[in-house]
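# Chains, contacts and geometry: an overview
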Amino acid sequence: MLLSLELFVMLVLANGSPVVVARLLHQTGNRPVDGGRVWRDGRPVLGPSKTWRGLVAGTMSCLLFSAWVGLGWLFGALFGLLALLGDLVSSFIKRRKGLESSARALWLDQLPEALLPMAMAWLWLSLPLWEAVAVALLFALSNMLFSPVLYRLGIRKQPH
């Protein structure tokens, strides 16, 4: 049970630390991962909210937390990176569907960034499959529930 909680916290860190760092640093280091490029369809590849600063912040927060709780820095770095890669995949899909940056897409906004790192945790830590899926679903549902609250508190720029 403790391991599942630690993995849940890591998903929250990967997802939340880029938002916190963006609020603290404003435009400093705000370089889009896609370099502002557009895809064949004329839409941005990812959009301006997916930055290298956020990728580093999410990865480093997971690396530090994972090392602190004894899961190891390499596991944490890969976990955080996979969570953020899942987020990039969902942004890519959303742009192809014509959705603007930060537009809401239930489940697509939450599941890729949870399932990719949890699949790695399942393999790396011999976590039962049901537990890995449960943590991913709990993260997705809590994200849907608490994002509007964080928006009302002024922590998030979008209510989702």
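Above this note sits the structure.
Small disclaimer: the values here were computed from a predicted structure and weren't measured.

### Notes on the overall build of the protein chain
Secondary structure assignment for the protein chain yields five helices and zero strands. Helices and strands in the protein chain line up, N terminus first, as α-α-α-α-α. Here the C-alpha radius of gyration of the protein chain, 15 Å, is about what a compact globule of 160 residues would show, namely 15 Å. A burial count over the protein chain gives 42% of its 160 residues as buried. Put simply, 67% of the contacts in the protein chain that link residues at least 6 apart link residues at least 24 apart. Accessible area for the protein chain stands at about 8,900 Å²; split by element, carbon and sulfur atoms hold 71% of it. In the protein chain, the 15 positive side-chain charges and the 8 negative ones have mean positions that sit 8 Å from each other.

### A few points about helix H1 (residues 2-25)
Residues lying three or four places apart along an α-helix face the same way, a consequence of the helix completing one turn every 3.6 residues. Relative to the 34 Å expected for 24 residues at 1.5 Å per residue, H1 spans 33 Å between its end C-alpha atoms, a close match to the ideal helical length. At Gly 16, H1 is deflected by roughly 35°, the largest bend along its length, and proline Pro 18 occurs up to four residues later in sequence. Within H1, the full set of buried residues consists of Ser 4, Glu 6, Leu 7, Phe 8, Met 10, Leu 11, Ala 14, Ser 17 and Pro 18. Positive phi appears at His 26, one or two residues downstream of H1, with a value of about 55°.

### Topic: the packing of aromatic side chains
Evaluated as defined, the whole model comprises five aromatic pairs. An angle of 70° between the planes, with centres 6.5 Å apart, marks the rings of Phe 8 and Phe 139 as edge-to-face. With Phe 8 in helix H1 and Phe 139 in helix H5 (residues 129-152), this residue pair connects regions lying 131 residues apart in the sequence. Assigned by exposure class, Phe 8 and Phe 139 land together as buried. On the basis of an interplanar angle of 55° and a centroid distance of 5.9 Å, the ring pair of Phe 65 and Trp 68 is categorised as tilted. Of the two residues, Phe 65 and Trp 68 both sit in helix H2 (residues 52-69), three residues apart, roughly one turn of that helix. Note on Phe 65: relative accessible area 15%, which makes it buried. Taken together through their ring pairs, the aromatic side chains of Phe 75, Phe 79 and Trp 124 make up a single cluster.

Conventions adopted
- Residues numbered from 1 in each chain as written.
- Predicted model: local features only at pLDDT ≥ 70, side-chain atom pairs only at ≥ 80, totals over all residues.
- Heavy atoms only, no water.
- Helix = DSSP H or I, 4+ residues; strand = E, 2+ residues; numbered from the N terminus.
- Rg over C-alpha atoms; globule rule 2.2 N^0.38 Å.
- Buried < 20%, exposed > 50% of the residue type's maximum accessible area, 1.4 Å probe, protein only.
- Contact = heavy atoms within 4.5 Å.
- Areas by Shrake-Rupley, 256 points an atom, 1.4 Å probe, with all protein chains shown as cover.
- Lys, Arg positive; Asp, Glu negative; His and termini not counted.
- Charge placed at Lys NZ, Arg CZ, Asp CG, Glu CD.
- Expected span 1.5 Å × (residues − 1).
- Bend = angle between axes of the 7 residues up to and from the residue.
- Phe/Tyr/Trp six-rings, centres within 6.5 Å; stacked < 30°, edge-to-face > 60°.

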